[in-house]
Amino acid sequence: MRIIDLRSDTVTVPTPAMREAMARAEVGDDVYGEDPTVIRLEEMAAARMGKEAGLLCVSGTMANQVAVMTHTRRGDEVILEEEAHIYYYEAGALAVLSGVQPRLVKGQRGMMDPDDLARAIRPSNIHYPPPRLLCLENTHNRAGGTVMTPALTRVLADVAHERGLAVHLDGARIFNAAVHLGCDPRELAAPADSVMFCLSKGLAAPVGSVLCGSREFIERARRNRKIVGGGMRQAGVIAAAGVVALETMVDRLAEDHAHARLLADLLSEDPLFRVDRETVQTNIVLCWLTRGDAFAYVRRLAARGVKVNATGPDRIRLVTHKDVARADIEEAAAIMKEEAGRFA
Ligand code: TLP
């Protein structure tokens, strides 16, 4: 049975050019700072984000959490949108690794209102944890891949900076945001003090995310990466695929976005589904079932070769990526409609 895997863009497999580059990669011991391919990737990544330096991490989670560790001290407060990945999906790492307290702000399609943010930042008082860091997310995963404009990013960062907070941007899918807006990712990253992006999602590298920021910040982050066991050795083998990802995989993201829109259109033809098409800006489609249980539905689809994730009792998430073609989208939509019809 052919599998159409729409669970995530993390399921993408490396391209032949990546495999080739990995096999040929020049390597050294990166903990000694001697891996030329890692150094090349970190420099490339920093330049793409408009920052001074980069740090290759094993995962997006590691890059985000190393950023939080580097910006904060135990007992500080970190402000996030209420469904931010850093809070929602990183296994409680804020508490476990940094000992910080999250303060959540309700967003609209993943975007905080600057006034709500300003109200959430409490003044210095012995009863309150010191607010130290604002985390933003672009694109916003749980809101359905929604894009934050450079203008809103700037306003939110200004509110934080005026009150003495640092700003970290979880840009796991920042290239999807930039492609959607037709802008340079540097415009999206500029208001933030640090930014991380993933090579292992739509860009299809097998492993890796890069944290970028000032040279001084990255130096301290490098030590924190070592603390969490992320000091890799001949990591050039991984970095080589990341270089190919940055060089060859960014522009094609527009195709994934077109596929997501097609999928959203096909599903919204059917009253069994409810899709908020305004949120379908990049490669994620959130879809509510008007009947039946999402978890049971996911199991039925899997039995027919269509893999999707349930992200709530009546909600499923579909993610397009380079390993699903237009014909796969059409086939998946047809199977989804058929299976949803059986809940009658
Ligand atoms: N997201 C994964 C899952 O963890 C949910 C996915 O399939 O979408 N920030 C954002 C916005 C992310 O979406 C993710 C991964 C991460 C950080 C963490 O990256 P990894 O999985 O490399 O730790």
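A brief report on the enclosed structure follows. Small disclaimer: the values here were computed from a predicted structure and weren't measured.

Examining empty space enclosed by the protein
And then number 1: Overall, the coordinates contain one cavity of 30 Å³ or more when judged by the stated rule.
And then number 2: Roughly 60 Å³ of volume is contained in the largest cavity.
And then number 3: Along its surface, the largest cavity is lined by Glu81, Ala84, Gly110, Met111, Met112, Cys135, Leu136, Glu137, His140, Met148 and Leu156.
And then number 4: Those elements that provide at least two residues to the lining of the largest cavity are β6 (111–112) and β7 (131–137).
And then number 5: No other element matches the three residues that β7 contributes to the lining of the largest cavity.
And then number 6: Its residues placed into classes, the lining of the largest cavity shows seven nonpolar, two polar and two charged.

Some details on the sheet that holds strand β15 (residues 315–319)
And then number 1: Taken together, the four strands give an open sheet; going across it, the order is β11-β12-β15-β14, and neighbouring strands pair in antiparallel fashion. The sheet is open, and its two edges are formed by β11 (273–275) and β14 (309–312), each paired on a single side. Adjacent strand axes in the sheet meet at a mean angle of 35 degrees, parallel and antiparallel pairs treated alike.
And then number 2: In terms of strand pairing, β14 meets β15 through three bridges, oriented antiparallel. Looking at the pairing, Asn309 lines up with Arg317 of β15.
And then number 3: The sheet strands contacting helix α13 (residues 294–303) are β11, β12 (284–289), β14 and β15, and the helix crosses β14 at an angle near 175 degrees.

Here we look at the site of the ligand
And then number 1: Around the ligand, the surrounding shell holds 16 residues, and the nearest of these are Ser8, Gly60, Thr61, Asn141 and Asp170.
And then number 2: The contact in question runs from an oxygen atom of the ligand to an N or O atom on the side chain of Ser8, over 2.7 Å.
And then number 3: A distance of 2.7 Å separates a nitrogen atom of the ligand from a polar side-chain atom of Asp170.
And then number 4: Protein chains bury 83% of the 510 Å² of accessible surface belonging to the ligand in isolation.
And then number 5: If you tally residues by element for the shell around the ligand, the top one is helix α3 (residues 60–71), at three residues.
And then number 6: For the shell around the ligand, the class distribution of residues is three nonpolar, seven polar and six charged.

Re the packing of aromatic side chains
Remark: the centre distance and the inter-plane angle together describe each pair of aromatic rings, the angle taken between the planes.
And then number 1: If you walk through the whole model with that rule in mind, you get four aromatic pairs.
And then number 2: Taken together, a centroid distance of 5.3 Å and an interplanar angle of 90 degrees make the contact between Phe175 and Phe197 edge-to-face. Taken as a pair, Phe175 in helix α8 (residues 174–181) and Phe197 in strand β9 (residues 194–198) lie far apart in primary sequence, 22 residues in all. Here Phe175 matches Phe197 in class, with each residue buried.
And then number 3: On the basis of an interplanar angle of 50 degrees and a centroid distance of 6.4 Å, the ring pair of Phe273 and Tyr297 is categorised as tilted. One end of the pair, Phe273, is in strand β11; the other, Tyr297, is in helix α13, with 24 residues separating them in the sequence.
And then number 4: On the basis of relative accessible area, Phe273 is assigned to the buried category, the value being 5%.
And then number 5: An aromatic cluster is built from Phe273, Tyr297 and Phe343, whose rings are joined through pairwise contacts.
And then number 6: Over the aromatic face of Tyr128 sits the side chain of Arg122, whose NZ or CZ is 4.3 Å from the ring centroid.
And then number 7: Residue placement shows Arg274 over the ring face of Trp288; its charged tip is 4.9 Å from the ring centre.

A short note on the sheet that holds strand β4 (residues 101–105)
For sheets, the rule is that strands pair by backbone hydrogen bonds, running either parallel or antiparallel.
And then number 1: Spatial ordering of the open sheet is given by β2-β10-β9-β8-β7-β3-β4, a layout of seven strands whose pairing is mixed. The strands lining the two open edges of the sheet, one partner per strand, are β2 (53–57) and β4. Averaged over all pairs of adjacent strands, the angle between strand axes in this sheet comes to 20 degrees, irrespective of strand direction.
And then number 2: One ladder, built from three bridges, connects strand β8 (residues 166–170) with β9; its direction is parallel. Across the sheet, Asp170 pairs through a bridge with Met196, a residue of β9.

So, the pattern of salt bridges
Opposite charge on two side chains makes pairing possible when the charged atoms of those side chains draw close.
And then number 1: All chains considered together, the criterion is met by 25 salt bridges.
And then number 2: Between Arg119 and Asp116 there is a salt bridge, and its shortest N-O distance comes to 2.8 Å. Remark: Asp116 and Arg119 occur in helix α6 (residues 114–120); sequence separation between them is three residues, near one turn of the helix.
And then number 3: We classify Asp116 as partly exposed; its relative accessible area is 29%.
And then number 4: Salt bridges here are not isolated pairs; linked through shared partners, they connect Arg304, Glu338, Glu339 and Arg342.

Notes on the pairing of β12
Each regular strand displays side chains that alternate between the two surfaces of the sheet.
And then number 1: Counting buried residues in β12 gives five out of six residues, a clear majority hidden from the surface.
And then number 2: In this sheet, β12 lies alongside β11 in antiparallel orientation, the contact comprising three bridges. Counted as the bridge partner of Val275 is Cys287 from β12.
And then number 3: Note: β12 against β15, five bridges, orientation antiparallel.

Thresholds applied
Residues numbered from 1 in each chain as written. Predicted model: local features only at pLDDT ≥ 70, side-chain atom pairs only at ≥ 80, totals over all residues. Heavy atoms only, no water. 1 Å grid on protein atoms, 1.4 Å probe; cavity = no way out; pocket = protein on both sides within 12 Å on 5 of 7 lines; lining within 4 Å. Points joined across faces, edges and corners; volume = space filled by probe spheres on them. Helix = DSSP H or I, 4+ residues; strand = E, 2+ residues; numbered from the N terminus. Nonpolar A, V, L, I, M, F, W, Y, C, P; charged D, E, K, R; others polar. Pairing = 2+ DSSP bridges. Axes fitted to C-alpha atoms, helices over the stretch in contact; angles between N-to-C directions. Contact = heavy atoms within 4.5 Å. Near = heavy atom within 4 Å. Polar contact = N/O pair within 3.5 Å; in protein donor to acceptor, adjacent residues only side chain to side chain. Areas by Shrake-Rupley, 256 points an atom, 1.4 Å probe, with all protein chains shown as cover. Phe/Tyr/Trp six-rings, centres within 6.5 Å; stacked < 30°, edge-to-face > 60°. Buried < 20%, exposed > 50% of the residue type's maximum accessible area, 1.4 Å probe, protein only. Lys NZ or Arg CZ within 6 Å of the ring centre and 35° of its normal. Salt bridge = Lys/Arg side-chain N within 4 Å of Asp/Glu carboxyl O.

Don't take any of this as a statement about function, it's just geometry.
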